[in-house]
Amino acid sequence: MKITTLIENTTLSSELTAEHGLSLFVETQNCRFLFDAGQTGAYAENAQKLGIDLKTADFAVLSHGHYDHGGGMIQFLERNRRAKLYLREDAFGSYCNAAQKYIGLDHRLRQSGRLVLTGDECTIAPGLTLYTCNERTRSVPTDPFGLTEQIGGFFLPDEFRHEQYLLLEEGGRRVLLSGCSHKGILNILHWFRPDVLVGGFHFKQLAPDSPQLRAYGEAMAAYNTIFYTGHCTGQAQYEVLKTILGDRLHAIS
């Protein structure tokens, strides 16, 4: 299995673009696919520079209905004329930030004719399954950090029912892709217990010196999981987690 970061908040090369967002290109033994598409088409330009042809993707997956993960999906569907896009049935909700600014998807995506609206569980292919875990207990309370959903004129805390996780099972290993882990990284670890987890932890709103962040890190260390993270985790927060998780924690870029 090979996972290439196409867009992220940081870059190690002056030839590649960085933006607040996430996009991964995944190659398994049986398929190739796009997981999230950043907020613009910059990921597609990076893919070209990295020698990745998006036309070869068999399908695309959107982790949740926020612009910094789905903003570039229209460009993907324009470049790849055959792939289907798997996203949650409620991904087109009116999702807003703490300032009540819309941060959801471009509704032109609805017109593509290639959307697969997923329920609580969706098997794409053998060893590739999407889960929402909406009906599972969140034993660790989660903080939306001001993110909301506008319903009937009211701004209510986002419950992130539009978020889904992709579990890849190959060669006896369980690899989980999570865009932002809004339902709580500890809950997600408890639900899946993956060998490898790739995605954001949504810790950037936590003060680096907060006892809560260190407690999260210590709880994560109890799982036999290797982590690859970036985007919404936060750089300073990553450095704190690194002191706890050591060589089991890696930064994507």
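1. Some details on unusual backbone geometry
Peptide bonds are trans in most cases, and residues, glycine excluded, mostly fall at negative phi.
Here comes step 1: Phi is positive for Gln 100, close to 65 degrees, though the residue is something other than glycine.
Here comes step 2: Along the chain, Gln 100 turns up in the loop between strand 6 (95–96) and strand 7 (115–118).
Here comes step 3: Positive phi is not limited to glycine here, since Phe 160 has a value of about 60 degrees.
Here comes step 4: Position of Phe 160 relative to the elements: it lies in the loop between strand 11 (154–157) and strand 12 (165–170).

2. Examining the side chain of Ser 181
Here comes step 1: Along the chain, the position of Ser 181 falls in the loop between strand 13 (173–178) and helix 4 (185–192).
Here comes step 2: A relative accessible area of 2% means that Ser 181 is categorised as buried.
Here comes step 3: A polar atom in the side chain of Ser 181 sits 2.8 Å from the side chain of Ser 178.
Here comes step 4: Other than its neighbours up to four places away in sequence, Ser 181 contacts Glu 163, Tyr 165, Ile 188, Gly 200 and Phe 201.

3. As for the packing of aromatic side chains
Here comes step 1: As enumerated under the stated definition, the model contains seven aromatic pairs in all.
Here comes step 2: Taking the centre distance of 4.8 Å and the plane angle of 10 degrees together, the rings of Phe 33 and Phe 59 count as stacked. Note that Phe 33 is positioned in strand 3 (residues 32–35) and Phe 59 in strand 4 (residues 59–61), a separation of 26 residues in sequence. The same class applies to Phe 33 and to Phe 59, which are both buried.
Here comes step 3: Taken together, the ring pairs in this structure connect Phe 201, Phe 203, Tyr 216 and Phe 227 into an aromatic cluster.

Reading the values: rules and limits
- By convention here, each chain's residues receive numbers from 1 onward along its written sequence.
- Residue-level local features of this predicted model are given only where pLDDT is at least 70; pairs of side-chain atoms are given and counted only at 80 or more, and the full residue set underlies all totals for whole chains, interfaces and linings.
- Heavy atoms throughout the structure, all of them, feed into the side-chain values; hydrogens and water do not.
- For the purposes of this entry, the term helix denotes a DSSP run of H or I that reaches at least four residues, the term strand denotes a run of E that reaches at least two, and both are numbered from the N terminus.
- Partly exposed describes any residue whose relative accessible area lies between the buried limit of under 20% and the exposed limit of over 50%, with all areas from a 1.4 Å probe on protein chains only and scaled to the type maximum.
- Pairs of N or O atoms within 3.5 Å make up the polar contacts considered here, provided that, within protein, one atom can donate a hydrogen while the other can accept it, and that residues adjacent in sequence are counted only when both atoms are side-chain atoms.
- The contact rule is simple, with two residues in contact once any of their heavy atoms fall within 4.5 Å.
- Centre distance within 6.5 Å is the pairing criterion for rings of Phe, Tyr and Trp, where only the six-membered ring of Trp is used; planes under 30 degrees apart are then read as stacked, over 60 as edge-to-face, and the remainder as tilted.

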